[in-house]
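Fold and geometry: a report
Given next are the chains, with one letter for each unit.
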Amino acid sequence: MTQEEPAFKIKTGNVSVLQLHLLSTDLTRFKKELVVRLAQTPDFFASRPIVLELSGITGSDCCPDFAELVRFMQGHGMCAAGVIGGSVLQREDAIQAGLGIFPEAIIRVAKVEAALAEAVEIREVEKIAVPALTQPKPTLVIDKPVRTGQRIYAEGASLVVLAIVNAGAELIADGDIHVYAPMRGKAIAGARGNEAARIFVNSMEAELLSIAGCFKVFEEGIPENVRSKPARVHLDGSRLLIEPLLY
Amino acid sequence: MAKVIVVTSGKGGVGKTTTSASFSSGLAMRGNKTVVIDFDVGLRNLDLIMGCERRVVYDIINVINGDVSLKQALIKDKNCDNLYILPASQTRDKDALNIEGVERILDELKESFDFIVCDSPAGIESGAFMAMYFADEALIVTNPEVSSVRDSDRILGILAAKSKRAVEGLEPVKEHLLVTRYAPKRVNNGAMLSVDDIQEILRIPLLGVIPESESVLQASNSGTPAIHMEKSDVAEAYRDVVGRFMGEDLPMRFINEKTGFFKRLLGGN
């Protein structure tokens, strides 16, 4: 007799979701500003689940009307999936409105560490919970030359290249980019908008550098202080800063 | 086990066919049974360089289509006993090549030859792809100028990603750099890239440097591979290339400007 396939499986998975940081409990203001923001990029959300981040209003005694908020967001193509952070009261209200509660990853890790010191039995259990919550996607490591016309994309991860990146080659990462060899091509870090992403190169000879969509080309050549030298690149507001890597 | 070697570059006019002719001749002169295939369907040139254009009756497309046997299409070289030429078709275009047909021909050639040299057309389209797909080793022909180096870089990227060895996860295609039309004098006055400059970008082992020389033109026009030209630097350089390919440790020549003394010593060109 053949065994029947199960109708479903339960697994943990890491997915990246958009977080909407609530900075005010004033719903009228929120609605007004959201409508303005959505007018710029109407299809941006397109039914993607959104987590409401409440740490900005944790201190407030006031609770936003979550039911009304969810309804309003749905009306604009946004699908609120749950809340993260916030006060106990706010979280209870969110459950009432049918929203899920996302555990706060950082707090959980701290708890796990405390538990690790105390009990061996608990460690086994908690250990399983930690990777599912906090383990980032593994860094993509390339150890062969990246040549003209080649494009490497580290989706949802950082990218490390251990060989030369030639002119006309493209490195793209949602996280950071490290190149431990001459970097002569294009480097696009924080491709999905991570403004904290950085680029580190052993020898700065790039054609184009970009972090979170803010980019720089070098028509006049690369600045003398970093040209063919170790350098790091980060975003300062909307300015891309290229600095020599001193050690 | 027979080896398939592609001679490729990306850019046109850098010396692929000249190299294919001399390199395959050099392998054959050392007693290896060698066949050189012209993959430049529609713009066939190899037969001219080899001086066998009047003996071309059938070509690679006839073999692929099953019109004739491989044996009927192979032309024996006039200079070397161990060398055969499989010419390209002049009247067809590159779409007439197909991967199954090329594989069938190569498999059949592997049974009786030691080396199969594939002369790739320029570009990165189907003809170049067919020539490189089954390669075990690759001769990357590069001129000392930036556009040629960049095109070679592109070809190396394609070899590393799309060749049969790459697709099937086998040991990668062994890459060799061959710098042609090298003029040390023009390198010294900054008009050309140096061998070091080229290697700094491409980062593959250097197999040899062929100096710029009038004798290449003479060789092509007379239908004799340059390696057969008496008292020529180019012939010497190609013999060195073949020697190194066969595993000999030979010093790099023709990368420095000639002085009067050396010129006399080496007999000039």
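Please refer to the structure higher up on the page.
Now for a look at the structure at hand. A quick note: this is a predicted structure, and the numbers were derived from the prediction, not measured. (Residues numbered from 1 in each chain as written. Chains lettered and ligands numbered in written order. Predicted model: local features only at pLDDT ≥ 70, side-chain atom pairs only at ≥ 80, totals over all residues. Heavy atoms only, no water.)

1. A look at helix α2 (residues 66-75) of chain A
Residues and elements named next belong to chain A. Taken together, the buried positions of α2 are F66, L69, V70, F72 and M73. The buried residues of α2 occupy one face: seen down the axis, they fall within an arc of 165°. Away from the buried face of α2 by more than 90 degrees, exposed residues R71, Q74 and G75 are located. For α2, the secondary structure elements touched by its buried residues are β1 (18-21), α1 (27-40), β2 (49-53), β3 (79-84) and α3 (88-96). Positioned one or two residues after α2, G77 has a phi angle of 75°, which is positive. (Buried < 20%, exposed > 50% of the residue type's maximum accessible area, 1.4 Å probe, protein only. Helix = DSSP H or I, 4+ residues; strand = E, 2+ residues; numbered from the N terminus. Arc of directions from axis to C-beta. Contact = heavy atoms within 4.5 Å.)

2. Comments concerning unusual backbone geometry
The backbone phi angle of A:S228 is positive, close to 55°, even though this residue is not glycine. By the secondary structure assignment, A:S228 is in the loop between β13 (214-217) and β14 (231-236).

3. A closer look at the interface of chain A and chain B
Residue-level contacts link 11 residues of chain A with 11 residues of chain B. With both chains or domains summed, chain A and chain B bury close to 930 Å², and 45% of this area falls on carbon and sulfur atoms. Among the residues of chain A in contact with chain B, A:R147, A:T148 and A:R184 are the three that bury the most area, contributing 53% of the side total. Between the two partners, chain A and chain B, sit three salt bridges. Inspection of the region where chain A meets chain B yields seven residue pairs in polar contact (both at pLDDT 80 or more). In terms of residue class, the side of chain A that touches chain B is made up of three nonpolar, five polar and three charged. (Buried area = accessible area lost by both parts, 1.4 Å probe. Salt bridge = Lys/Arg side-chain N within 4 Å of Asp/Glu carboxyl O. Polar contact = N/O pair within 3.5 Å; in protein donor to acceptor, adjacent residues only side chain to side chain. Nonpolar A, V, L, I, M, F, W, Y, C, P; charged D, E, K, R; others polar.)

4. Things to note about the sheet that holds β3(A)
Residue and element names in this part refer to chain A. Taken in spatial order, the four strands line up as β1-β2-β3-β4 in an open sheet, and their pairing is parallel. Looking along the sheet, the strands with just one partner apiece sit at the ends: β1 and β4 (100-102). On average, each strand axis in the sheet is tilted by 40° relative to the strand beside it, whichever way the strands run. Where β1 lies against β2, four bridges are found, and the strand directions are parallel. (Pairing = 2+ DSSP bridges. Axes fitted to C-alpha atoms, helices over the stretch in contact; angles between N-to-C directions.)

5. Digging into the pattern of salt bridges
All names here are of chain B. Taken as a whole and assessed by the stated rule, the structure comprises 25 salt bridges over all chains. We note a salt bridge from D136 to R165, for which the minimum N-O separation is 2.9 Å. Of this pair, D136 sits in the loop between α6 (126-133) and β6 (137-142) while R165 is found in helix α8 (residues 164-167), placing the two residues 29 residues apart along the sequence. The class of D136 is buried, set by a relative accessible area of 17%. Taking relative accessible area as the criterion, R165 reaches 22% and is therefore assigned partly exposed.

6. Focus: the side chain of B:S215
Residues and elements named next belong to chain B. One can find S215 in helix α11 (residues 214-222). With a relative accessible area of 8%, S215 lands in the buried category. What S215 contacts, discounting residues up to four positions off in sequence, is M229, S232 and V234.

7. Observations concerning the pairing of β2(A)
Residues and elements named next belong to chain A. Of all five residues that make up β2, four are buried, and the element is covered over most of its length. Pairing of β2 with β3 involves five bridges; the strand directions are parallel. Opposite P49, over in β3, you have C79 as the bridge partner. After leaving β2, the chain enters α2 and then returns to the sheet as β3, a path that is right-handed. (Right-handed = clockwise from strand over helix to strand, strands pointing away.)

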